[in-house]
Amino acid sequence: MSTTKGNLSARDLGVIWHPYTQMQTAPAPIGIVRGEGACLYDEDNNEYIDATSSWWVNIHGHAHPHIAQQLAAQALQLQHCIFAGYTHPPAVNLAERLLPLLPGQQRRVFYSDNGSTAVEVAIKMALQYWHNKGQRRNKILAFKNAYHGDTFGAMSVSGRSVFTRVFDDFLFEVHFLDVPSKDNVADIIATIEATEQVAAFIFEPLLQGSGGMVMYDIPGFEQLLQYCRQQQILLIADEVMTGFGRTGKNFAMEYLQTAPDMVCLSKGLTGGSMALGITTCTSDIYDAFLSADKLKTLFHGHSFTANPLACTVALASLDLFEDPACALNRQRIHENHQRFLQELKQIGIIKNARLLGTILAFELVTDNADGYTNNLADYLHRFFRSKRIMLRPLGNTLYILPPYCITDEQLAAVYDSIRALVLSLQPA
Ligand SMILES: *Cc1c(COP(=O)(O)O)cnc(C)c1O
């Protein structure tokens, strides 16, 4: 382990508990002190290319001056304010600007803190919608292997896995569907037909992120959504990862004809600079909560609901997102990925290389008894760390999901690191 000037990683080991990390065996974390564009810098000023956008949140690059300036100005104006009974310009401005950009007829914004809470709010809205209407609909549909967050409701609608195992007894019942492929939609629909009282279907549109960048068959997915729409099953599009241009279009639901009733947003919402969650809904859903009866109120909120600083950086991120340069950058990344994809398809140990917008993914299949097989993810992690490329595999799935400002040269360096990895795994 390289020693660093401020010895941040050693101090960290004394006091910090990291997410998704077996602290006994994990290598000491690298101390990051600065970011710029697609890169992060450690205490010795070593540069790391952030090829997965710091857990898929960063879209315009690190420490972006426009975001920083807007944040500083807002911090001198109003930092926080209770959001029940009071409101403020950043919350209203953001809702007014965002709603028309979203898929379907989104008419209301409900603020929370992150992707998981955005999902919690959507689930509560869906269940209470039917309750308020006096209809007995309380079953939820989700995809097998889905990921919607780590709080209990979000975990319940996520696929059961080693991540949830300890808590499985405490999660509410969800009917899990296969992901649509070319020939299974009739079967999926049959399983929904056999399920009574379905309130809502929550899904990651077009691809599963944490599930391993699994991409759906779009016509099949459309057919499935249309069926649910006919059955008045509320459609909750969890665009926490896919929102704000990640899949090519502004929102993944734009690839489909069927519009969602609710949309969950976070991650890229603030350009990846601050925590903020949003759940939007149609006026039909909103109206079902309007009543003289207090029990029809949505009793949900968080201390930092609609935090003015977070709303301000989301507005600043929207400025950058709406600049034509942003779409051009996404297109440029896509074209670079497309060329590299052709190369990946020729490599024996790489399977199922695929591309959607700015996301390039593939599986590594190494069953030669190299000793890597059992611990491939650890090996990959260490390999890319040594190359100072931030890539974090999901099992044996490797993916690139960069900030849109990544340069062609930086992308080439990421591709080179993957070429070097392949060579290290299959010595000629
Ligand atoms: C990351 C993610 C979440 C959870 O968001 P957090 O902010 O990490 O709680 C929910 N849904 C999807 C699709 C995600 O990718």
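Residues numbered from 1 in each chain as written. Predicted model: local features only at pLDDT ≥ 70, side-chain atom pairs only at ≥ 80, totals over all residues. Heavy atoms only, no water.

The protein appears in an unreviewed UniProt entry as Adenosylmethionine-8-amino-7-oxononanoate aminotransferase from Chitinophaga qingshengii. In UniProt, the protein has this text filed under Cofactor (unreviewed entry): "pyridoxal 5'-phosphate". The UniProt entry for the protein carries the following comment under Subcellular location (unreviewed entry): "Cytoplasm". (UniProt positions renumbered as here; feature names shortened; annotations may be inferred.)

Peer 1: Looking at this structure, I do not really get the overall build of the protein. What am I missing?
Peer 2: Counting its secondary structure elements, the protein contains 13 helices and 16 strands. Computed over C-alpha atoms, the radius of gyration of the protein comes to 22 Å, within 12% of the 22 Å expected from 2.2 N^0.38 for 428 residues, which places it in the range of a compact globule. Overall, the protein is about 70 × 55 × 45 Å in size when its C-alpha atoms are taken along their principal axes. With 428 residues in all, the protein has 51% of them scored as buried. The long-range fraction of contacts in the protein, counting pairs at least 24 apart against all pairs at least 6 apart in sequence, stands at 71%. Accessible surface for the protein amounts to roughly 19,900 Å². Of this, 53% is attributable to carbon and sulfur atoms. Both charge centroids of the protein, one from 33 positive and one from 41 negative side chains, sit 1 Å from each other. (Helix = DSSP H or I, 4+ residues; strand = E, 2+ residues; numbered from the N terminus. Rg over C-alpha atoms; globule rule 2.2 N^0.38 Å. Buried < 20%, exposed > 50% of the residue type's maximum accessible area, 1.4 Å probe, protein only. Contact = heavy atoms within 4.5 Å. Areas by Shrake-Rupley, 256 points an atom, 1.4 Å probe, with all protein chains shown as cover. Lys, Arg positive; Asp, Glu negative; His and termini not counted. Charge placed at Lys NZ, Arg CZ, Asp CG, Glu CD.)

Peer 1: Which parts of the structure should I look at to understand the UniProt feature "modified residue: N6-(pyridoxal phosphate)lysine" (unreviewed entry) in the protein?
Peer 2: Cross-referencing UniProt, the feature "modified residue: N6-(pyridoxal phosphate)lysine" (unreviewed entry) maps to Lys-267 in the present numbering. Mapped onto the fold, Lys-267 is located in the loop between strand S11 (262-265) and strand S12 (277-281). Apart from residues lying up to four places away in sequence, Lys-267 is in contact with Trp-55, Trp-56, Val-57, Val-240, Met-241 and Gly-272.

Peer 1: For this particular structure, what's the right way to read the environment of Asp-293?
Peer 2: Among the structural elements, Asp-293 can be located in the loop between helix H9 (283-287) and helix H10 (308-322). Judged by its relative accessible area of 36%, Asp-293 falls in the partly exposed class. Separated by 161 residues in the primary sequence, Asp-293 and Asn-132 have C-alpha atoms spaced 9.8 Å apart.

Peer 1: Is there a simple way to think about the site of the ligand in this case?
Peer 2: Close to the ligand lie Trp-56, Asn-114, Gly-115, Ser-116, Tyr-147, His-148, Gly-149, Glu-204, Asp-238, Val-240, Met-241 and Lys-267. Contact between the ligand and Gly-115: an oxygen atom at 2.8 Å from a main-chain N or O atom of the residue. Protein chains shield 84% of the accessible area of the ligand, which is 380 Å² for the free molecule. Classifying every residue of the shell around the ligand gives four nonpolar, five polar and three charged. (Near = heavy atom within 4 Å. Polar contact = N/O pair within 3.5 Å; in protein donor to acceptor, adjacent residues only side chain to side chain. Nonpolar A, V, L, I, M, F, W, Y, C, P; charged D, E, K, R; others polar.)

Peer 1: Looking at this structure, I do not really get the pairing of strand S16 (residues 397-400). What am I missing?
Peer 2: Consecutive residues of a regular strand have side chains that alternate between opposite faces of the sheet. Burial along S16 is two-sided: the face carrying Thr-397 and Tyr-399 and the face carrying Leu-398 and Ile-400 are both buried. Of the pairings in the sheet, the one linking strand S14 (residues 359-364) to S16 comprises four bridges and is antiparallel in character. Following the sheet pairing, Leu-360 is matched in S16 by Ile-400. (Pairing = 2+ DSSP bridges.)

Peer 1: Please clarify how helix H11 (residues 324-344) should be interpreted in this entry.
Peer 2: An α-helix turns once per 3.6 residues; consequently, residues spaced three or four apart project the same way. With 21 residues, H11 should reach 30 Å at 1.5 Å per residue; the first-to-last C-alpha distance of 30 Å fits that figure. Among all positions of H11, only Cys-326, Arg-330, Ile-333, His-334, Asn-336, His-337, Phe-340, Leu-341 and Leu-344 are buried. On its buried face, H11 is in contact with H10, strand S13 (350-356), S14, S16 and helix H13 (408-425). (Expected span 1.5 Å × (residues − 1).)

Peer 1: Please clarify how the sheet that holds strand S1 (residues 32-36) should be interpreted in this entry.
Peer 2: Backbone-to-backbone hydrogen bonds pair the strands of a sheet. The strands run either parallel or antiparallel. Read from one edge of the open sheet, four strands run S1-S2-S3-S15, paired in mixed fashion. Each end of this open sheet is capped by a strand with a single partner; those strands are S1 and strand S15 (389-390). Strand direction decides the pairing type here: S1 and strand S2 (residues 39-42), joined by four bridges, are antiparallel. Counted as the bridge partner of Arg-34 is Tyr-41 from S2.

Peer 1: I would appreciate a short explanation of the UniProt feature "binding site: pyridoxal 5'-phosphate" (unreviewed entry) in the protein in the present structure.
Peer 2: This chain's UniProt record puts "binding site: pyridoxal 5'-phosphate" (unreviewed entry) on Gly-115, Ser-116, Asp-238, His-302 and Ser-303. These annotated residues cover 189 residues of sequence, and their C-alpha atoms reach 23.0 Å apart at the extremes, leaving them scattered rather than at a single site. Tracing the backbone shows Ser-116 in helix H5 (residues 115-132). If we ignore the near neighbours within four places in the chain, the residues touching Ser-116 are His-148, Gly-149, Asp-150, Thr-151 and Ala-154. Turning to its location among the elements, Ser-303 is positioned in the loop between H9 and H10.

Peer 1: Can you walk me through the packing of aromatic side chains in this structure?
Peer 2: Any two aromatic rings considered together are summarised by their centre-to-centre distance and by the angle between their planes. Tallied over the entire structure, the rule returns 17 aromatic pairs. Taken together, a centroid distance of 6.0 Å and an interplanar angle of 80° make the contact between Trp-56 and Tyr-399 edge-to-face. Placement of Trp-56 in helix H2 (residues 53-56) and of Tyr-399 in strand S16 is noted, with a sequence separation of 343 residues between them. There is no split in this pair, since Trp-56 and Tyr-399 are both buried. Ring centres 5.0 Å apart and planes at 75° place the aromatic pair Tyr-216 and Phe-221 in the edge-to-face group. In terms of burial, Tyr-216 and Phe-221 fall into one category: buried. (Phe/Tyr/Trp six-rings, centres within 6.5 Å; stacked < 30°, edge-to-face > 60°.)

Peer 1: Teacher, can you tell me more about the pairing of strand S5 (residues 139-143) here?
Peer 2: Among the five residues that make up S5, four are buried, leaving the element largely enclosed by the rest of the structure. Bridging between S5 and strand S7 (residues 198-203) involves four bridges; their strand directions are parallel. Within S7, the position partnered with Ile-140 by the bridge is Ala-200. With three bridges connecting them, S5 and strand S6 (residues 175-177) associate as parallel partners. Bridge assignment links Leu-141 to a residue of S6, and that residue is His-175.

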